[in-house]
Every structure is written in C-alpha cells, then in structure tokens.
Amino acid sequence: MNVNNIPTRTIRPASDLAADARAVDIIDQTALPHAFRWLRLSSLAEAAHAIRSMQVRGAPLIGVTAAYGVALSLVRHADDATLAQAIATLGATRPTAVNLHWALARMQATLSPLPEAARAAAAWQEAAAIAEEDVAQCRAIGAHGLALLRPLAEMRGRLNLMTHCNAGWLATVDHGTALSPIYAAFDAGIDVHVWVSETRPRNQGLLTAWELAQHGVPHTVIADNAAGLLLARGEVDAVIVGADRIAANGDVANKVGTYLKALAAQAADVPFYVAAPRSTIDFACASGAAIPIEERAGDELRVVHGCNEGGQPASVRQLPASEAVGNPAFDVTPARYVSAIISERGSAAASSEGLLALYPEARHGRAD
Ligand code: MRU
C-alpha cells in the first residue's frame, strides 16, 4: 500500500548495508499515527523487543518479524543451540497470535536439517518467502472478501462497514486481512464507508484510520462503546475483523472488544466476517477455551499516549500506579457468532467442517 503515494511494506531487509551485514527495517507502529518512522532491527534481541513492545504488531506481521528475528540470530553462529535459543526467545514474546509460533515452527523445520554453514542464507530466504506468501495471501483475502461484499453493496447501493483494532496492511506485510476486502471494494468503485472503533487501550483503531486516510477510504472513528448503538440503528451493513488465532472448531481470538461487536451484530442481524490467512488457523487447538489470552501491563490503561498541540509526543496519566487494572489483550468470539471465515482460499463457515473444506490437508495433520 502507499504512504504519501510511495508503495510501502511494513518490513523489509535493509538494502543499504554491505552484503554480509544483515538487518531488517520496520515501520515503528508505536510512533503512528503521529509520526511515520523506520526502525532498524539488527539482532535477535531487537526483533524480540519490537514484537513485545508492539513496534510491530498484528498476527501475520508478528510471524514475519519472528522469522527475520531467527535469521538475524544466525548471522554469526548457526549451531543448534543458537537456533533453539532464538526460537525460544521469540516464542516467548506474545502468546495469543499463533502466526508467531507457526512461523517459528516453519523456520525450525527448514533450518534444523541443514548443515550449519548453509543455515544463515537459508534463514533469510525462508523469512523472505514467508513475507512474500503473506502478501499474496492477503491480496487473495481481498478478492474473496470482495465477492462477499459486492452483493451487499448492490442491495444497499453503498457499504457501511465496521472494523475493530487494526487488521490492515500495518498488521501484515501488505494489504491486510480485514481491510484487504475493504480496499478491494473501494478500488472496485464501491461507495464504501468504514466505522473504525478506537480499540482501547492501545488505540489500534487510530492506525486503521491512518491507513484508510492514506488510501482515501472514507471512514469515521468511534469510541468502542458506540458500536452497539450504530449496529442497532441499522447504520452498519457488515462487520469485518481479523484474528490472532482461529481454533479448529471456528472460535476466533481477536483484539479484546471483538466479542462484544459480534454479539451486537448478531442481535442486529448484521453479518460478522473474520478475515485471516492459513497461518492464523490452529488446527491443534480444539476450541477457543484453549487459546492463551495475553494479559498486558496495567500502565496501558493508566497512561494515555498521544501528542501535544505542538505535535510532540506526550503522555497523560489518568490513573495512579496504585489503581488495580486488568488488561486482557484479546477475547474469544464463539464460532456461532461468525457468519464466515474469509481466507486466501475462499470463504467458509466458522466450523471444523468449514475450515477443513478450505484446508483438506489439515485432516491428515499435515502442516501445509
Ligand atoms: O495486539 P495487536 O495489535 O497485535 O492485535 C492485533 C489484532 O488483534 C488484529 O486484529 C489481528 O492480529 C489480526 S491482524 C491482520
């Protein structure tokens, strides 16, 4: 997608270094939407920190960054112990998005059988392949999502969509998951408007608003608590969100607050779509009850970050450090509230039958 009309991806190998010096550049998402800046990751520790501190975020992008993190760790030594330590360090950064563990398992399976001397180059190649596949899959999600949205748009004459958190190109390498069909609809000339929920406490909705503005897609930011009213009033034609992990039965873990939107959408008889690639589906996880939910630091609620009127970064404490705070970062939407899963292979019911129809090879336990 474009930033200031320049085609941009969220992560890229650093191109200005000597051939044997390796690094990756990421967009620092903790600075957005107030400032757009690149950050260089040159070590395993920096990659792990970027994921943990949410300089990179969003399930697919976390997975790609972890793959590059493994590659960064093998630049000097590529023995078994170094590889195992990289995978353990990155695997401990964030628990809910399964794309992280999927990418690490893939790196391990590719690199372990290789002689040490071949591992570093192979790691960069595999990380780049994961990134390229993510781009292609997100593009395909856009096309399949558009096929679902087009009849709605024809019926209504325009499309009022609602999303939660940021499942746009910033959360992936390019295109996004939930926002990919929205971009496809907009590019196809459909009159589309997006309700963007703020997504307290980390305010990922502001990233969504920034992205949509860069692409020229009409949108309105709302407080999270306004979603039920808009749905009940008939001001939303469909809700579309991403996912951090989809269990084998179709239950969906996504940013906290997703479940409330699904309940309100069901009550208002509005379709509720979940867009995600294969790397987000955890066939080993029987149901949402088994999905680990990340609990993040209480200061994410106690302290609000933004910028002052002069455009400088600023923070405001709204609760004393002594105030008890609960901060679960994700929730689980039971499959029965999900109208369809949109993947790179098409759309299907949120159920074990639906997911296996998309990925029949998972029936035999193949990793794909
Ligand atoms: O905590 P975050 O910002 O990493 O959470 C992101 C989400 O919950 C997204 O909706 C999800 O990862 C899908 S991203 C394509």
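Right, let's walk through the structure included here. (Residues numbered from 1 in each chain as written. Predicted model: local features only at pLDDT ≥ 70, side-chain atom pairs only at ≥ 80, totals over all residues. Heavy atoms only, no water.)

1. A word on the packing of aromatic side chains
Next up, step 1: Applying the stated criterion to the full structure yields six aromatic pairs.
Next up, step 2: Here Tyr68 and Trp124 contribute two aromatic rings whose centre-to-centre distance is 5.7 Å and whose plane-to-plane angle is 50°, an arrangement assigned as tilted. Taken as a pair, Tyr68 in helix α2 (residues 59-73) and Trp124 in helix α5 (residues 116-156) lie far apart in primary sequence, 56 residues in all. With respect to burial, Tyr68 and Trp124 carry one shared label: buried.
Next up, step 3: Summarising the aromatic geometry, the rings of Phe283 and Tyr359 are spaced 6.4 Å apart at their centres and angled 70° between planes, so their arrangement reads as edge-to-face. Residue Phe283 is found in the loop between β13 (281-282) and α10 (299-302), and its partner Tyr359 is found in the segment after α11 (352-358); the two are separated by 76 residues along the sequence.
Next up, step 4: An aromatic cluster is built from Phe36, Trp38, Trp169 and Trp210, whose rings are joined through pairwise contacts. (Phe/Tyr/Trp six-rings, centres within 6.5 Å; stacked < 30°, edge-to-face > 60°. Helix = DSSP H or I, 4+ residues; strand = E, 2+ residues; numbered from the N terminus. Buried < 20%, exposed > 50% of the residue type's maximum accessible area, 1.4 Å probe, protein only.)

2. Points about the pattern of salt bridges
Next up, step 1: Under the defined criterion, the tally for this structure stands at 17 salt bridges.
Next up, step 2: With a closest N to O distance of 2.8 Å, Arg119 and Asp80 form a salt bridge. Note that Arg119 is positioned in helix α5 and Asp80 in helix α3 (residues 80-91), a separation of 39 residues in sequence.
Next up, step 3: On the basis of relative accessibility, which here comes to 3%, the residue Arg119 falls in the buried class.
Next up, step 4: Given a relative accessible area of 52%, Asp80 falls into the exposed group.
Next up, step 5: It is possible to trace a salt-bridge network through shared partners that takes in Arg94, Arg202, Glu294, Arg296 and Glu300. (Salt bridge = Lys/Arg side-chain N within 4 Å of Asp/Glu carboxyl O.)

3. Side note on the sheet that holds strand β6 (residues 159-164)
Next up, step 1: Here seven strands make up an open sheet; going across it, the order is β8-β7-β6-β9-β12-β17-β18 and the pairing mixed. Every other strand in the sheet has two partners, leaving β8 (219-222) and β18 (346-348) as the edge strands with one partner each. Taken over all neighbouring pairs, the strand axes of this sheet differ in orientation by 25° on average, direction set aside.
Next up, step 2: Sheet analysis places strand β9 (residues 238-241) next to strand β12 (residues 272-275), joined by three bridges and oriented parallel. Within β12, the residue paired with Val241 across the bridge is Val274.
Next up, step 3: In this fold helix α6 (residues 179-187) packs onto β6, β7 (192-197) and β9, with an angle of close to 155° to the strand it touches most, β7.
Next up, step 4: On top of the sheet, helix α7 (residues 204-215) reaches β6, β7 and β8; it is set at about 155° to β7, its chief contact. (Pairing = 2+ DSSP bridges. Axes fitted to C-alpha atoms, helices over the stretch in contact; angles between N-to-C directions. Contact = heavy atoms within 4.5 Å.)

4. Examining unusual backbone geometry
Next up, step 1: Omega for the bond connecting Leu32 with Pro33 falls within 30 degrees of zero, at 0°, which places this linkage in the cis form.
Next up, step 2: The linkage connecting Arg200 with the following residue, Pro201, adopts the cis geometry, with an omega of 5°.
Next up, step 3: Its place among the elements puts Pro201 in the loop between β7 and α7.
Next up, step 4: A positive phi angle, close to 50°, is found at Asn4, a residue other than glycine.
Next up, step 5: Looking at the element boundaries, Asn4 is found in the loop between β1 (2-3) and β2 (6-7).
Next up, step 6: Exposure remark for Asn4: the relative accessible area of 57% places this residue in the exposed category.
Next up, step 7: A positive phi angle is found at Cys165, which is not glycine, with a value near 65°.
Next up, step 8: Mapped onto the elements of the fold, Cys165 is located in the loop between β6 and α6.
Next up, step 9: Residue classification places Cys165 among the buried positions, given a relative accessible area of 7%.

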